[in-house]
Amino acid sequence: MSSVIEGNAAHLELADRYLPGASLGMFQLPHESRFVIARGKGSRVWDSDGKEYIDFVMGSGPMVLGHAPDSVVEAVQNQVALGSTFYGLNEPVVRLAHEICEASPCGEMARFTCSGTDATFSAIRLARAYTGRERVLKFDGGWHGGHDYAQQDMADDGQTSRPLSDGIPKGATDTVLVSPFNDAAAATDLIGRYATELAAVIVEPLQRAIKPEPGFLEALREVTDKHGIVLIFDEVVTGFRLAWGGAQEHYGVTADVAVYGKTISGGYPLAAVCGKKEVIDCADPGRKGKGPYVFISGTFNGNPISATAGLATIDALHQPGVYERLFEVTDRLATGFDKAAAERGIPFQIIGDGPVLQPFFFTDPIRNHADSQRGDRTRITQFGDSMIEQGIFINPSGKIYLSLAHTDEDIDRAIDVAGNAFDQMN
Ligand SMILES: Cc1ncc(COP(=O)(O)O)c(C=O)c1O
């Protein structure tokens, strides 16, 4: 190693050369406002040039307590000294399984993975093994990660799927049906027609930031019960975030299997498939060759460092007043953005539930993915660009995540800055 690499420009030059799209995946900042993160604490991140940002990306959701919260850092530091991974059972992960199963309305057993993608993939494989059926139904625009059955959206016929990535075998695509979110009649009809072939219905109960309409999740529960189909709630975002019992508690509908990630990870790689014993127990290696058996295993699955971080995080989320605060801080931001846009005559809405929001520059109601794709997309990029330049780190085309680290002053600053961004649009 020869030269010292310092500052945004030097790091970005290397990223351009060595990382496809100078990115880690689908998240890319506009070229003019991109930066490299050097560190984070609480509601703030600092880039390699030392510029400070109030962060509303929050690691895409895991940092619900803010960055590097003292309680998590201390717990992880203690665990690091005790060993980082063992492959065999470890104490923190057994305790985390207990906590998650007790909190989750459908939770009887859990199997850990390293990412939300691994976990939704595993949930689908479990449902297939348990039912002996192959098809799964997802909802248009519903996000379940990167695997072949998740990277699918609605084809033009309004019921089959089309891959969102090249490199996905046609056989995988052929097993996925897709229905519009919030259309109970369409979903019930499609599920009914394929009932004997469907292993699972997988849904984000809060799809991106779109709330389920009253009766939608209930209809899915009823029709899947009727046909013996496994109902999977993807609670990677909503779990422990909308309420201690996640979306199942918040919306009052209990799934067969719930998938957790982000919040239960404490910011370290960890996710879990949790649910009814009769389904999750198919992952017992002792069942191999004897009946429905599903392989779900990995070197780092359930590693004690991530589990320790997860335990420290959900412990903080279990304190009185936490969810009230998360909703209060979100409401302050949403109301402030709405008011700032209205004062300037900008067509604008900000949707979401709990500490998850998403802004749109049109006012037609958003009930499903197709609705969310309407409107002038250039404005959202302009808005994101302007916010980032003014020191507010947001995902220009995605969600705003609030945390317990955000203060009222942070929110008021973001509202002022949004006002400036709206001014630039006039
Ligand atoms: C609802 C939902 N499910 C699954 C995933 C995939 O999780 P991961 O990125 O950890 O693979 C995500 C990621 O954003 C998500 O939002």
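The rules behind each value
Residues numbered from 1 in each chain as written. Predicted model: local features only at pLDDT ≥ 70, side-chain atom pairs only at ≥ 80, totals over all residues. Heavy atoms only, no water. Near = heavy atom within 4 Å. Polar contact = N/O pair within 3.5 Å; in protein donor to acceptor, adjacent residues only side chain to side chain. Areas by Shrake-Rupley, 256 points an atom, 1.4 Å probe, with all protein chains shown as cover. Nonpolar A, V, L, I, M, F, W, Y, C, P; charged D, E, K, R; others polar. 1 Å grid on protein atoms, 1.4 Å probe; cavity = no way out; pocket = protein on both sides within 12 Å on 5 of 7 lines; lining within 4 Å. Points joined across faces, edges and corners; volume = space filled by probe spheres on them. Helix = DSSP H or I, 4+ residues; strand = E, 2+ residues; numbered from the N terminus. Pairing = 2+ DSSP bridges. Core = buried A, V, L, I, M, F, W, Y, C linked by side-chain atoms within 4.5 Å. Buried < 20%, exposed > 50% of the residue type's maximum accessible area, 1.4 Å probe, protein only. Domains from an automatic or database assignment. Contact = heavy atoms within 4.5 Å. Axes fitted to C-alpha atoms, helices over the stretch in contact; angles between N-to-C directions. Parallel < 35°, antiparallel > 145°, perpendicular 65-115°, else oblique. Left-handed = near helix turned anticlockwise from the far one by under 90°. Salt bridge = Lys/Arg side-chain N within 4 Å of Asp/Glu carboxyl O. Phe/Tyr/Trp six-rings, centres within 6.5 Å; stacked < 30°, edge-to-face > 60°. Lys NZ or Arg CZ within 6 Å of the ring centre and 35° of its normal.

(A) Focus on the site of the ligand. The local shell around the ligand consists of Ser-115, Gly-116, Thr-117, Trp-143, His-144, Gly-145, Glu-204, Arg-208, Asp-234, Val-236, Val-237 and Lys-262. Interatomic distance of 3.0 Å between a side-chain N/O atom of Arg-208 and an oxygen atom of the ligand. Here Lys-262 contributes a side-chain N or O atom positioned 2.8 Å from an oxygen atom of the ligand. The protein chains hide 80% of the 390 Å² of surface that the ligand would expose on its own. The class makeup of the residues in the shell around the ligand is three nonpolar, five polar and four charged.

(B) Summary view of the layout of surface pockets. Roughly 670 Å³ of volume is contained in the second largest pocket. Lining of the second largest pocket is provided by 29 residues; of these, Leu-89, Ala-110, Arg-111, Phe-112 and Ile-296 occupy positions nearest its centre. Of all the secondary-structure elements, those providing two or more residues to the lining of the second largest pocket are α3 (91-103) and β4 (109-113). No other element matches β4, which puts four residues into the lining of the second largest pocket.

(C) Representation of the sheet that holds strand β15 (residues 392-393) within the structure. Overall, mixed pairing links the four strands, which are arranged β1-β2-β3-β15 in an open sheet. With one partner strand each, in any of the chains shown, β1 (37-41) and β15 form the two edges of the open sheet. Relative to strand β3 (residues 52-55), strand β2 (residues 44-47) is paired through three bridges, and the arrangement is antiparallel. Looking across to β3, one finds that Arg-44 is bridged to Ile-54.

(D) Broad picture of the nonpolar core. Among the nonpolar cores identified, the biggest contains 35 residues, and Leu-137, Phe-139, Ile-191, Val-203, Leu-217 and Leu-220 are the most heavily contacted of them. Where this core is concerned, the elements lending two or more residues are β5 (135-139), α6 (184-193), β9 (198-203), α7 (216-227), β10 (230-234), α8 (246-251) and β14 (356-360). Broken down by element, this core gets its largest block of residues, four residues, from α7. Taken domain by domain, the makeup of this core includes at least three residues from each of domain 1 (7-68 + 321-425) and domain 2 (70-317). Counting 30 residues, the second largest nonpolar core, distinct from the first, contains Cys-101, Cys-106, Leu-311 and Ala-312.

(E) Spotlight on unusual backbone geometry. The phi dihedral of Arg-208 falls on the positive side, at around 55 degrees, and the residue is not glycine. Tracing the chain through its elements places Arg-208 in the loop between β9 and α7. Since its relative accessible area comes to 24%, Arg-208 is described here as partly exposed. Despite not being glycine, Lys-262 shows a phi value in the positive range, around 25 degrees.

(F) Just the sheet that holds strand β13 (residues 349-353), in detail. Here three strands make up an open sheet; going across it, the order is β13-β14-β16 and the pairing antiparallel. For this open sheet the edge positions go to β13 and β16 (400-401), each flanked by a neighbour on one side alone. Bridge analysis of β13 against β14 gives five bridges, and the strand direction is antiparallel. Across the sheet, residue Gln-349 finds its bridge partner in β14, namely Phe-360. Along the sheet, helix α11 (residues 322-343) makes contact with β13, β14 and β16, crossing β13 at roughly 165 degrees.

(G) Molecular detail of the packing of α3 against helix α10 (residues 304-317). Orientation of α3 relative to α10, taken along the N-to-C sense of each, is 40 degrees, at an axis distance of 8 Å. Taken together, α3 and α10 sit at an angle that is classed as oblique. By crossing handedness, the relation of α3 to α10 is classed as left-handed. In this structure, α3 uses Pro-92, Val-93, Arg-95, Leu-96 and Glu-99 to contact α10, whose residues at the interface are Pro-304, Ala-307, Thr-308, Gly-310, Leu-311 and Ile-314. Taken together, the residues of the contact of α3 with α10 sort by class into seven nonpolar, two polar and two charged.

(H) Just the environment of Ala-342, in detail. Take Ala-342: it is sitting in helix α11. For the pair formed by Ala-342 and Arg-95, sequence separation is 247 residues and the distance between their alpha carbons is 49 Å.

(I) Local environment of the pattern of salt bridges. Tallied over the full model, the rule gives 27 salt bridges. Between Glu-52 and Arg-44 there is a salt bridge; the shortest N-O distance is 2.5 Å. For Glu-52, a relative accessible area of 39% puts it in the partly exposed group. Overall, Arg-44 belongs to the partly exposed group, its relative accessible area being 24%. A network of salt bridges, in which partner residues are shared, links Arg-325, Glu-328, Arg-332, Asp-408 and Asp-412.

(J) Local environment of the packing of aromatic side chains. For the structure on display, the rule yields 17 aromatic pairs. Ring centres of Phe-383 and Phe-422 lie 5.4 Å apart, and the angle between their planes is 10 degrees; on these two criteria the pair is classed as stacked. Taken together, the positions of Phe-383 in helix α13 (residues 377-389) and Phe-422 in helix α14 (residues 408-425) put the pair 39 residues apart, joining distant regions of the chain. Since its relative accessible area comes to 0%, Phe-422 is described here as buried. What links up through ring pairs into an aromatic cluster is the set Phe-337, Phe-348, Phe-361, Phe-383 and Phe-422. Across the ring face of Trp-46, the terminal group of Arg-39 is positioned such that the distance to the ring centre comes to 4.1 Å. Directly above the ring of Tyr-149 sits Arg-128, whose terminal nitrogen or CZ lies 4.1 Å from the centroid.

Bear in mind that shape data such as this cannot, by itself, settle questions of function.
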